[in-house]
Amino acid sequence: IGLRARGLDIKTFSLFLPKAGGANEDVKYLAEDTFYLIPGAGVPALLAAHLYFIFKSPRRYFRTWSFALRNRTKGNSLLKTMALLKSNNLSKQQRQDLLLHFVPAVLLAREMKRHHFSLINSHFADAAASFAMLTAKLLNIPFGMTMHAYDIFTPQFNMQQKLDEAKFIFTCTH
(Lines give C-alpha, C1' and ligand atoms only; values in the text may rest on other atoms or scores of the structure.)
Protein backbone atom coordinates (compact mmCIF):
# COMPACT_ATOMS: atom_id res chain seq x y z
CA ILE A 1 0.00 0.00 0.00
CA GLY A 2 2.84 2.34 0.90
CA LEU A 3 4.66 1.69 -2.36
CA ARG A 4 1.52 2.39 -4.35
CA ALA A 5 1.03 5.61 -2.40
CA ARG A 6 4.51 6.61 -3.56
CA GLY A 7 3.46 6.13 -7.19
CA LEU A 8 4.95 2.72 -7.91
CA ASP A 9 2.96 0.59 -10.34
CA ILE A 10 2.43 -2.66 -8.44
CA LYS A 11 0.25 -5.56 -9.49
CA THR A 12 -0.57 -8.45 -7.17
CA PHE A 13 -0.81 -12.04 -8.37
CA SER A 14 -2.05 -14.94 -6.30
CA LEU A 15 -2.43 -18.67 -6.85
CA PHE A 16 -5.86 -18.88 -5.24
CA LEU A 17 -8.88 -16.71 -4.54
CA PRO A 18 -9.14 -15.68 -0.89
CA LYS A 19 -11.75 -17.40 1.23
CA ALA A 20 -15.07 -15.56 1.44
CA GLY A 21 -14.93 -12.81 4.01
CA GLY A 22 -11.15 -13.07 4.30
CA ALA A 23 -10.30 -9.55 3.18
CA ASN A 24 -10.31 -6.64 5.58
CA GLU A 25 -12.68 -3.92 4.32
CA ASP A 26 -9.79 -1.40 4.26
CA VAL A 27 -7.86 -3.47 1.73
CA LYS A 28 -10.71 -5.18 -0.12
CA TYR A 29 -9.87 -3.12 -3.23
CA LEU A 30 -6.48 -4.88 -3.32
CA ALA A 31 -8.15 -8.30 -3.51
CA GLU A 32 -10.38 -7.04 -6.32
CA ASP A 33 -7.33 -5.81 -8.26
CA THR A 34 -5.42 -9.11 -7.89
CA PHE A 35 -4.96 -11.61 -10.73
CA TYR A 36 -5.84 -15.10 -9.46
CA LEU A 37 -4.15 -17.96 -11.26
CA ILE A 38 -6.71 -20.49 -10.06
CA PRO A 39 -9.55 -20.63 -11.16
CA GLY A 40 -8.23 -18.74 -14.22
CA ALA A 41 -6.02 -21.67 -15.20
CA GLY A 42 -8.56 -23.44 -17.37
CA VAL A 43 -7.33 -25.71 -20.15
CA PRO A 44 -7.98 -23.21 -23.00
CA ALA A 45 -6.11 -20.41 -21.18
CA LEU A 46 -3.21 -22.72 -20.30
CA LEU A 47 -2.96 -24.03 -23.85
CA ALA A 48 -3.05 -20.52 -25.32
CA ALA A 49 -0.31 -19.34 -22.95
CA HIS A 50 1.93 -22.31 -23.74
CA LEU A 51 1.44 -21.88 -27.47
CA TYR A 52 2.18 -18.17 -27.17
CA PHE A 53 5.59 -18.81 -25.58
CA ILE A 54 6.40 -21.80 -27.78
CA PHE A 55 6.01 -19.61 -30.86
CA LYS A 56 7.12 -16.20 -29.51
CA SER A 57 10.02 -17.29 -27.29
CA PRO A 58 10.77 -20.94 -28.05
CA ARG A 59 14.31 -20.90 -26.70
CA ARG A 60 13.25 -19.39 -23.36
CA TYR A 61 10.21 -21.66 -23.15
CA PHE A 62 12.19 -24.86 -23.65
CA ARG A 63 15.09 -23.69 -21.45
CA THR A 64 12.64 -23.02 -18.63
CA TRP A 65 10.86 -26.33 -19.19
CA SER A 66 14.24 -28.12 -19.18
CA PHE A 67 15.25 -26.31 -15.97
CA ALA A 68 11.97 -27.39 -14.32
CA LEU A 69 12.45 -30.96 -15.53
CA ARG A 70 16.06 -31.16 -14.26
CA ASN A 71 15.19 -29.66 -10.89
CA ARG A 72 11.83 -31.26 -10.24
CA THR A 73 11.19 -33.17 -7.06
CA LYS A 74 12.70 -36.60 -7.59
CA GLY A 75 10.49 -39.63 -7.22
CA ASN A 76 7.27 -37.85 -8.16
CA SER A 77 5.38 -38.90 -11.24
CA LEU A 78 4.00 -35.79 -12.94
CA LEU A 79 0.78 -37.61 -13.88
CA LYS A 80 0.33 -38.88 -10.32
CA THR A 81 1.00 -35.40 -8.92
CA MET A 82 -1.51 -33.82 -11.32
CA ALA A 83 -4.11 -36.43 -10.30
CA LEU A 84 -3.42 -35.70 -6.62
CA LEU A 85 -3.76 -31.98 -7.36
CA LYS A 86 -7.42 -32.52 -8.19
CA SER A 87 -7.98 -34.33 -4.91
CA ASN A 88 -6.21 -31.51 -3.02
CA ASN A 89 -4.15 -34.18 -1.23
CA LEU A 90 -0.58 -33.14 -2.08
CA SER A 91 2.37 -33.44 0.26
CA LYS A 92 4.60 -30.38 0.70
CA GLN A 93 7.21 -32.08 -1.50
CA GLN A 94 4.65 -32.66 -4.28
CA ARG A 95 3.31 -29.10 -3.97
CA GLN A 96 6.81 -27.76 -4.64
CA ASP A 97 7.50 -29.80 -7.79
CA LEU A 98 8.99 -27.38 -10.35
CA LEU A 99 7.65 -29.29 -13.33
CA LEU A 100 4.14 -29.13 -11.90
CA HIS A 101 4.62 -25.39 -11.33
CA PHE A 102 5.82 -24.88 -14.88
CA VAL A 103 2.39 -25.69 -16.31
CA PRO A 104 0.49 -22.75 -14.71
CA ALA A 105 3.60 -20.51 -14.47
CA VAL A 106 3.38 -20.08 -18.24
CA LEU A 107 -0.12 -18.60 -17.83
CA LEU A 108 1.20 -16.33 -15.10
CA ALA A 109 4.04 -15.22 -17.41
CA ARG A 110 1.58 -14.46 -20.19
CA GLU A 111 -0.51 -12.27 -17.92
CA MET A 112 2.57 -10.49 -16.57
CA LYS A 113 3.86 -9.91 -20.08
CA ARG A 114 0.66 -8.00 -20.87
CA HIS A 115 1.55 -5.58 -18.08
CA HIS A 116 5.23 -5.16 -19.12
CA PHE A 117 6.74 -6.10 -15.78
CA SER A 118 10.44 -5.58 -15.15
CA LEU A 119 10.74 -7.36 -11.77
CA ILE A 120 8.97 -10.09 -9.80
CA ASN A 121 9.04 -10.40 -6.00
CA SER A 122 7.72 -13.44 -4.18
CA HIS A 123 6.65 -12.86 -0.61
CA PHE A 124 7.54 -16.41 0.47
CA ALA A 125 10.38 -18.78 -0.47
CA ASP A 126 8.25 -21.90 -0.93
CA ALA A 127 5.97 -22.62 -3.89
CA ALA A 128 5.40 -18.90 -4.49
CA ALA A 129 9.13 -18.41 -5.14
CA SER A 130 9.13 -21.37 -7.52
CA PHE A 131 6.36 -19.73 -9.55
CA ALA A 132 8.20 -16.40 -9.46
CA MET A 133 11.47 -18.01 -10.54
CA LEU A 134 9.93 -19.91 -13.46
CA THR A 135 7.88 -16.91 -14.55
CA ALA A 136 10.93 -14.65 -14.42
CA LYS A 137 12.88 -17.15 -16.54
CA LEU A 138 10.10 -17.17 -19.14
CA LEU A 139 10.02 -13.36 -19.23
CA ASN A 140 13.79 -12.90 -18.93
CA ILE A 141 13.40 -10.51 -15.99
CA PRO A 142 14.87 -10.65 -12.47
CA PHE A 143 13.05 -12.05 -9.48
CA GLY A 144 13.60 -11.81 -5.76
CA MET A 145 12.01 -13.29 -2.71
CA THR A 146 11.22 -12.57 0.89
CA MET A 147 12.10 -15.34 3.32
CA HIS A 148 10.32 -15.72 6.63
CA ALA A 149 11.28 -17.90 9.59
CA TYR A 150 8.91 -20.53 8.18
CA ASP A 151 10.92 -20.64 4.95
CA ILE A 152 14.23 -20.88 6.78
CA PHE A 153 13.40 -23.37 9.52
CA THR A 154 11.15 -25.85 7.68
CA PRO A 155 12.24 -28.19 4.89
CA GLN A 156 12.10 -26.50 1.50
CA PHE A 157 12.58 -28.01 -1.92
CA ASN A 158 14.67 -26.43 -4.67
CA MET A 159 15.92 -23.82 -2.24
CA GLN A 160 19.44 -23.81 -3.69
CA GLN A 161 18.06 -23.09 -7.19
CA LYS A 162 15.93 -20.25 -5.82
CA LEU A 163 18.88 -18.78 -3.92
CA ASP A 164 21.09 -19.05 -7.01
CA GLU A 165 18.51 -17.48 -9.34
CA ALA A 166 17.18 -14.71 -7.08
CA LYS A 167 18.61 -11.24 -7.70
CA PHE A 168 17.72 -10.14 -4.17
CA ILE A 169 16.55 -11.81 -0.97
CA PHE A 170 14.91 -10.16 2.05
CA THR A 171 14.51 -11.93 5.36
CA CYS A 172 11.88 -11.37 8.04
CA THR A 173 12.60 -13.39 11.16
CA HIS A 174 11.99 -13.05 14.87
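Higher on the page you've got the structure.
Residues numbered from 1 in each chain as written. Predicted model: local features only at pLDDT ≥ 70, side-chain atom pairs only at ≥ 80, totals over all residues. Heavy atoms only, no water.

### Details of the overall build of the protein
Consideration 1: On a plain count of helices and strands, the protein comes out with eleven helices and five strands.
Consideration 2: Counting every position in the protein, which comprises 174 residues, the buried fraction comes to 39%.
Consideration 3: Carbon and sulfur atoms make up 59% of the accessible area of the protein, which amounts to about 10,500 Å² in all. (Helix = DSSP H or I, 4+ residues; strand = E, 2+ residues; numbered from the N terminus. Buried < 20%, exposed > 50% of the residue type's maximum accessible area, 1.4 Å probe, protein only. Areas by Shrake-Rupley, 256 points an atom, 1.4 Å probe, with all protein chains shown as cover.)

### Regarding the environment of Glu-165
Consideration 1: Within the fold, Glu-165 resides in helix α11 (residues 159-165).
Consideration 2: For the pair Glu-165 and Phe-143, spaced 22 residues apart in the sequence, the C-alpha separation amounts to 7.7 Å.
Consideration 3: In contact with Glu-165, other than residues within four places in its own chain, are Phe-67, Met-133, Lys-137 and Phe-143. (Contact = heavy atoms within 4.5 Å.)

### Some words on the packing of helix α5 (residues 58-70) against helix α9 (residues 127-139)
Consideration 1: Viewed as axis vectors pointing N to C, α5 and α9 meet at an angle of 155°, and their least axial separation amounts to 8 Å. As summarised for this structure, α5 and α9 are arranged roughly antiparallel, according to the angle between their axes. Crossing angle aside, the handedness with which α5 passes α9 is right-handed. Contacts between α5 and α9 involve Arg-60, Tyr-61, Thr-64, Phe-67 and Ala-68 on the former and, on the latter, Met-133, Leu-134, Lys-137, Leu-138 and Leu-139.
Consideration 2: Looking at the contact of α5 with α9, its residues break down into seven nonpolar, one polar and two charged. (Axes fitted to C-alpha atoms, helices over the stretch in contact; angles between N-to-C directions. Parallel < 35°, antiparallel > 145°, perpendicular 65-115°, else oblique. Left-handed = near helix turned anticlockwise from the far one by under 90°. Nonpolar A, V, L, I, M, F, W, Y, C, P; charged D, E, K, R; others polar.)

### Some points on the environment of Arg-60
Consideration 1: When you line up the elements, Arg-60 lands in helix α5.
Consideration 2: Note: C-alpha distance between Arg-60 and Lys-137 (77 residues apart in sequence) is 7.2 Å.
Consideration 3: Residues within four places of Arg-60 in sequence aside, it is in contact with Lys-137, Leu-138, Leu-139 and Asn-140.
Consideration 4: A polar contact is formed between the side chain of Arg-60 and the backbone oxygen of Leu-138, at a distance of 2.9 Å. (Polar contact = N/O pair within 3.5 Å; in protein donor to acceptor, adjacent residues only side chain to side chain.)

### Re the side chain of Lys-162
Consideration 1: Tracing the backbone through its elements, the reader meets Lys-162 in helix α11.
Consideration 2: No salt bridge forms around the buried Lys-162; measuring N to O, its nearest opposite-charge neighbour Asp-126 is 6.3 Å away.
Consideration 3: At 2.9 Å, the side chain of Lys-162 forms a polar contact with the backbone oxygen of Ala-125. (Lys, Arg positive; Asp, Glu negative; His and termini not counted. Salt bridge = Lys/Arg side-chain N within 4 Å of Asp/Glu carboxyl O.)

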